[in-house]
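Per-entry structural report
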Amino acid sequence: MKIILFTNSYPYGIGEMWKHHEIQILADKFDFIEIVPLYFDGNKIPKKIDRNNVVFGEPLIDKSYTTLTYFDVIKTFIGRGSLTNFIELFELLKKKVDKKKIIRFLNSAKRVRQIITNDRIKKILRLDPENTILYFYWGVGSADILPLIKIKKFKKVVVRLHRFDLYESENDGYIPYRKQLMNKRITLLPCSDDGTNELTKRYPNRLANLKTQRLGVFSQKTTSTGSNDGVLRIVSCSSLTEVKRIDKMIEAAALLSIPFEWIHIGSGVLQESLELLLDKKSIKHKFKFLGSMNSELIIDYLIQGKFDLFINTSSSEGVPVSIMEALSVGIPIIATDVGGTKEIVDDSVGKLLKKHFLTKELKEAIEDLYSLSYNEKEILRQRAHFRFKERCDMEKLTQEFIEVLNK
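Everything numeric in this text was worked out from a predicted model, so none of it was measured. (Residues numbered from 1 in each chain as written. Predicted model: local features only at pLDDT ≥ 70, side-chain atom pairs only at ≥ 80, totals over all residues. Heavy atoms only, no water.)

1. Section: the overall build of the chain
Summing up its helical and strand segments, the chain has 13 helices and 13 strands in all. Over its C-alpha atoms the chain spans a radius of gyration of 22 Å, differing by no more than 12% from the 22 Å that the globule rule assigns to 407 residues. When its C-alpha atoms are laid out on the principal axes, the chain stretches across 65 × 50 × 40 Å. Expressed as a percentage of the 407 residues in the chain, the buried residues total 55%. For the chain, long-range pairs separated by at least 24 residues make up 71% of all intrachain contacts whose partners lie at least 6 apart in sequence. Carbon and sulfur atoms make up 51% of the accessible area of the chain, which totals about 19100 Å². Side chains of the chain carry 65 positive and 52 negative charges; the gap between the two charge centres is 6 Å. (Helix = DSSP H or I, 4+ residues; strand = E, 2+ residues; numbered from the N terminus. Rg over C-alpha atoms; globule rule 2.2 N^0.38 Å. Buried < 20%, exposed > 50% of the residue type's maximum accessible area, 1.4 Å probe, protein only. Contact = heavy atoms within 4.5 Å. Areas by Shrake-Rupley, 256 points an atom, 1.4 Å probe, with all protein chains shown as cover. Lys, Arg positive; Asp, Glu negative; His and termini not counted. Charge placed at Lys NZ, Arg CZ, Asp CG, Glu CD.)

See the structure below:
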């Protein structure tokens, strides 16, 4: 049995490196795995995969080529997939003429054409489909080709879903080709019960198989010990984008009346404005941006940094890998009740804040944790690590995933 695994960028890029351990486990259970990345995503040096039965090639598309032309529009409605595209456009226009959504659809249609006409994809679609599983790691991107290919001839078609590729509310109410993804020959695997419930409510008449299949992170040989000098060491990890609400972290940090050091891992378009906010709040010496870090180095950094607390203030999430990584080394969590976060974070491992929390509520949650006794903090750390083993252990979850693939 072989797997064709469609990724966004892995083994290129930097954003999916945590998938590496899953690949190793799958390689032990299947005869052959071919990885098909969609984009380079900023890094053209691939991660070395030291398995003889795992191969990959260059990405299908150059992400820098995104200009939509009139010729692209015409090609959307002639040739392969034209009927599917006419139906998609008709469904869009039935609701309301929304230029932004129409452009999103046309861009997706162009991407689909680029993928479907790729020589590598043509070869994959011809060779031994009866013993082949198509595994799409994201529900947007390469998975958009599914309405245009004969999926019934394949052994199984599986699509994982996370956040931006699942919640239509995060995409101005529209994800192209979403209705066609509800095909009875497709197995949809949201990473959280919240995601499963979202699809159940939005598509009550779906034919697709639907099942929560959690992600996870690799088990660690050791855990973090936390600080012991009276200074609360806080860590957060995310891109510096609007949805992550780093400004709320900074505003809460400025209100703290306890000794603290806060490190944020990650970079992004809002870095300059956030640096200015740090200056305005006069806490630049206490709240520092570390910049981007290879995901393979983050765990060691979490352990060596002796952090007492991990914070995530996102307005939208699937189930955050960064939180699972913190739990894996026993760091308590403060996070917002969005997406599937509540399925791994509660008061037994830290604090779950409501989505639209007040700055003072984050500040109070931080100070409450700081005021705990040493023994209470240790119990919290032990519970955090147990939560990882219970719900976030990649090895256990991947074995469950293998059972799904083999059914």
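2. Side note on the environment of isoleucine 283
Here isoleucine 283 is to be found in the loop between helix 8 (271–281) and strand 10 (287–291). Remark: the alpha-carbon pair of isoleucine 283 and isoleucine 303, spanning 20 residues in sequence, is separated by 25 Å. With residues near it in sequence (within four places) discarded, isoleucine 283 still touches Ile250, Ala253, Ala254 and Leu278.

3. Considerations on the pattern of salt bridges
A side chain with one charge can pair with a side chain of the opposite charge if their charged atoms come near. Across all of its chains, the model carries 27 salt bridges by this definition. The residue lysine 110 makes a salt bridge to aspartate 72 at a minimum N-O spacing of 3.3 Å. Residue lysine 110 is located in helix 4 (residues 99–116), and its partner aspartate 72 is located in helix 2 (residues 70–76); the two are separated by 38 residues in the primary sequence. The exposure class of aspartate 72 is buried, given its relative accessible area of 8%. For the salt bridge of aspartate 337 with lysine 342, the shortest nitrogen-to-oxygen distance reads 4.0 Å. It is possible to trace a salt-bridge network through shared partners that takes in Asp346, Arg387, Glu390 and Arg391. (Salt bridge = Lys/Arg side-chain N within 4 Å of Asp/Glu carboxyl O.)

4. What about the pairing of strand 5 (residues 156–161)?
Along a regular strand, successive side chains alternate from one face of the sheet to the other. Among the six residues of strand 5, six are classified as buried, and the element is accordingly described as predominantly covered. Residues Lys156, Val158 and Arg160 point to one face of strand 5 and Val157, Val159 and Leu161 to the other, with burial holding for every one of them. Sheet topology places strand 4 (residues 132–136) next to strand 5; four bridges connect them, and they run parallel. Its bridge partner being in strand 5, leucine 134 is matched across the sheet by valine 157. Of the pairings in the sheet, the one linking strand 5 to strand 6 (residues 186–190) comprises five bridges and is parallel in character. By the bridge assignment for strand 6, valine 157 is matched with isoleucine 186. (Pairing = 2+ DSSP bridges.)

Remember, this is a structural readout, not a statement about activity or role.
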